[in-house]
Amino acid sequence: LALHANAGWTITQGSDDAHSLFWGAQAEYELVPNLTLMGEVFGRDDGRVGATTGLRWVTDQGRIDVDLLAGRQIDQGRAMAVTLGVTIRR
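Residues numbered from 1 in each chain as written. Predicted model: local features only at pLDDT ≥ 70, side-chain atom pairs only at ≥ 80, totals over all residues. Heavy atoms only, no water.

Q: Is there a simple way to think about the side chain of aspartate 65 in this case?
A: With respect to the helices, strands and loops of the structure, aspartate 65 is situated in strand S5 (residues 64-72). Other than its neighbours up to four places away in sequence, aspartate 65 contacts Arg56, Trp57, Val58, Gly85, Val86, Thr87 and Arg89. (Helix = DSSP H or I, 4+ residues; strand = E, 2+ residues; numbered from the N terminus. Contact = heavy atoms within 4.5 Å.)

This is the structure we're talking about:
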């Protein structure tokens, strides 16, 4: 089990609320070798909160990660999102 936390500051030009605190926390749990369950929650200081959950598959001797996540986002007016991510290490 791995836990991560972060905080930062976002600047959005052309917005009524151009500056805001952004925070997040994530948990990762290895279900079996090379397959990890991930869950995260994130938000802004204005009370908007989002969350995602999904799986990470590690292949090619740890050189490639494939992430598939689904959850509730806080931006762009879209409540739900699906994310496919690929990380390739040399």
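Next comes the rest of the account.
Q: Sorry if this is basic, but what is going on with the confidence of the model for the chain here?
A: Any segment with low pLDDT has predicted coordinates that should not be analysed in fine detail. On average, residues of the chain carry a pLDDT of 89, and 92% of them reach 70 or more. Across the chain, S5 holds the top mean pLDDT of 95, while strand S1 (residues 2-11) sits lowest at 92. (pLDDT = per-residue confidence, 0-100.)

Q: What is the right way to read unusual backbone geometry from this model?
A: Most peptide bonds adopt trans geometry, and most residues besides glycine take a negative phi value. In this model, asparagine 34 sits at a positive phi of 75°, which is unusual for a non-glycine residue. Inspection of the secondary structure assignment puts asparagine 34 in the loop between strand S2 (19-32) and strand S3 (35-44). For asparagine 34, a relative accessible area of 40% translates into the label partly exposed. Here the phi dihedral of glutamine 61 falls at roughly 55°; this positive angle occurs in a residue that is not glycine. By the secondary structure assignment, glutamine 61 is in the loop between strand S4 (49-59) and S5. (Buried < 20%, exposed > 50% of the residue type's maximum accessible area, 1.4 Å probe, protein only.)

Q: Looking at this structure, how should I read a nonpolar patch on the surface?
A: A cluster of nonpolar residues, Leu1, Leu3, Tyr29, Leu31, Val32, Leu37 and Leu55, forms a patch on the protein surface that exposes about 720 Å² of accessible area. Here leucine 37 is to be found in strand S3. Classification of leucine 37 as partly exposed rests on a relative accessible area of 36%. (Patch = residues over 30% accessible without salt bridge, like charges linked within 9 Å, V, L, I, M, F, W, Y side chains within 5 Å. Areas by Shrake-Rupley, 256 points an atom, 1.4 Å probe, with all protein chains shown as cover. Salt bridge = Lys/Arg side-chain N within 4 Å of Asp/Glu carboxyl O.)

Q: Mind showing me how you'd approach the sheet that holds S5 here?
A: In sheet architecture, strand pairing relies on hydrogen bonds along the backbone and comes in two forms, parallel and antiparallel. Read from one edge of the open sheet, six strands run S1-S2-S3-S4-S5-S6, paired in antiparallel fashion. The sheet is open, and its two borders are formed by S1 and strand S6 (80-88), each paired with just one other strand. Strand-to-strand twist of the sheet, defined as the mean angle between neighbouring strand axes without regard to direction, takes the value 20°. Note that S4 and S5 share nine bridges and pair antiparallel. Residue pairing in the sheet places alanine 51 in a bridge with arginine 72 of S5. (Pairing = 2+ DSSP bridges. Axes fitted to C-alpha atoms, helices over the stretch in contact; angles between N-to-C directions.)

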